[in-house]
Amino acid sequence: MIESSRSGTTLLHFEDEQATAERIAGAGNLELLRIERHRFPDGEIKLRLPSRLPLRLAVLRTLNNPNDKLLELMLLAQTARDAGVKHLTLLAPYLAYMRQDIAFEPGEAISQRIVGRFLANLFDAVITVDPHLHRVATLQEAVPAANTLVLSAAAALSDLIAQQHGAALLVGPDEESAQWVAKAASRHGFDHAVCRKVRHGDRSVSIELPAASISGRAVVLLDDVASTGHTLAHAAELLLAAGAASIDVAVTHALFESGAIALLKAAGVSQIWSTDCVAHSSNAISMAEPLAQALSLLESAAAGQYRD
Ligand code: R5P
């Protein structure tokens, strides 16, 4: 049933993202609604949405461990549409499947394009933070929804680094990180450089250091995402061998599989900082306020179209 008397933005969330939802709701004065989820013994999922929904609805789902979550989004969006919701926004602080943007071998699925279209078919608008767009210039190309909005954590990470080290050298572990490293460096005038990386397998990379002067520098390795930690760990080892005084790590999306933090520590990394786009013990920056602002921007545009 559609709730016709209320105004403002409603954020629907799952129980495992309650804390993030509360931070965003607090920052944006949003109403929170919770989805009930049940997993049957055979693995199938049942969702139950609140019985009263507004015409315009935002859904919070960060897409680490994405496979079940994508199916949940399909069930959720269709149920919301059937209940009369006219405008659906996906707030996905981390957007999955963005790294496979071409077929590296014949026959490989171009997951970015497929998952992007899947989400665009379900949602009118998508908001995310630092999506891994490399060979594709805009989020709209990857996720062709009517509205897309990209936030970056680079400035916030740069501010945090500036509080720790006045004259850090920012290093990206591969060429794909150049966009985030350049953005973070320009905010506080940090020196910066990027490595060259060749990936041989999920846990095997080779890295070539940049020609920058590293000896004696406080280096911060900066990337959009870290998963197994092997990219950052290998870069850290090489930088320390080249004379770096210290290595810290700053990433937007802390996917970190179990064992990744131990790997980084063993490689000589001191501090590890991340945003709360993916909940992790390394979270040092909250993106709740910019996410709430982005949502309010898109919602005011949609409000003209669909009024409760
Ligand atoms: C790829 O270019 C990404 O930006 C990361 O560098 C990559 O996903 C890190 O993966 P891992 O932590 O498994 O080495």
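Residues numbered from 1 in each chain as written. Predicted model: local features only at pLDDT ≥ 70, side-chain atom pairs only at ≥ 80, totals over all residues. Heavy atoms only, no water.

Caption draft 1: Quick peek at the site of the ligand. Around the ligand lies a shell of 15 residues, among which Arg99, Asp223, Asp224, Thr228 and Thr231 are the nearest. Between serine 227 and the ligand, the recorded distance is 2.8 Å, taken from a backbone N or O atom to an oxygen atom. For the ligand, whose unbound accessible area comes to 380 Å², protein coverage reaches 94%. Taken together, the elements giving at least two residues each to the shell around the ligand come down to strand S11 (196–201), strand S13 (218–226) and helix H7 (230–241). At 4 residues, S13 tops the list of elements feeding residues into the shell around the ligand. (Near = heavy atom within 4 Å. Polar contact = N/O pair within 3.5 Å; in protein donor to acceptor, adjacent residues only side chain to side chain. Areas by Shrake-Rupley, 256 points an atom, 1.4 Å probe, with all protein chains shown as cover. Helix = DSSP H or I, 4+ residues; strand = E, 2+ residues; numbered from the N terminus.)

Caption draft 2: A nonpolar patch on the surface, seen in detail. Where nonpolar side chains cluster on the molecular surface, the patch consists of Leu71, Met74 and Leu75 and spans about 220 Å² of accessible area. Assignment of secondary structure puts leucine 71 in helix H2 (residues 66–82). (Patch = residues over 30% accessible without salt bridge, like charges linked within 9 Å, V, L, I, M, F, W, Y side chains within 5 Å. Salt bridge = Lys/Arg side-chain N within 4 Å of Asp/Glu carboxyl O.)

Caption draft 3: How the structure looks around unusual backbone geometry. Residue tyrosine 97 is not a glycine yet carries a positive backbone phi of 65°. Along the chain, tyrosine 97 turns up in the loop between strand S6 (87–92) and helix H3 (111–122). A positive phi angle is found at aspartate 130, which is not glycine, with a value near 40°. Mapping aspartate 130 onto the fold places it in the loop between strand S7 (125–129) and helix H4 (139–142).

Caption draft 4: Expanded view of the sheet that holds S7. The parallel open sheet is built from 6 strands, whose spatial order is S2-S1-S5-S6-S7-S8. Because the sheet does not close on itself, it has two edges, and the strands there are strand S2 (31–34) and strand S8 (147–151). Along the sheet, successive strands turn relative to each other by an average axial angle of 20°, direction set aside. The pairing of S7 with S8 spans 5 bridges and is classified as parallel. Paired with isoleucine 127 across the two strands is leucine 149, which belongs to S8. Against the sheet, helix H9 (residues 288–305) touches strand S1 (10–13), strand S5 (56–60), S6, S7 and S8, its axis set at about 160° to S8. (Pairing = 2+ DSSP bridges. Axes fitted to C-alpha atoms, helices over the stretch in contact; angles between N-to-C directions. Contact = heavy atoms within 4.5 Å.)

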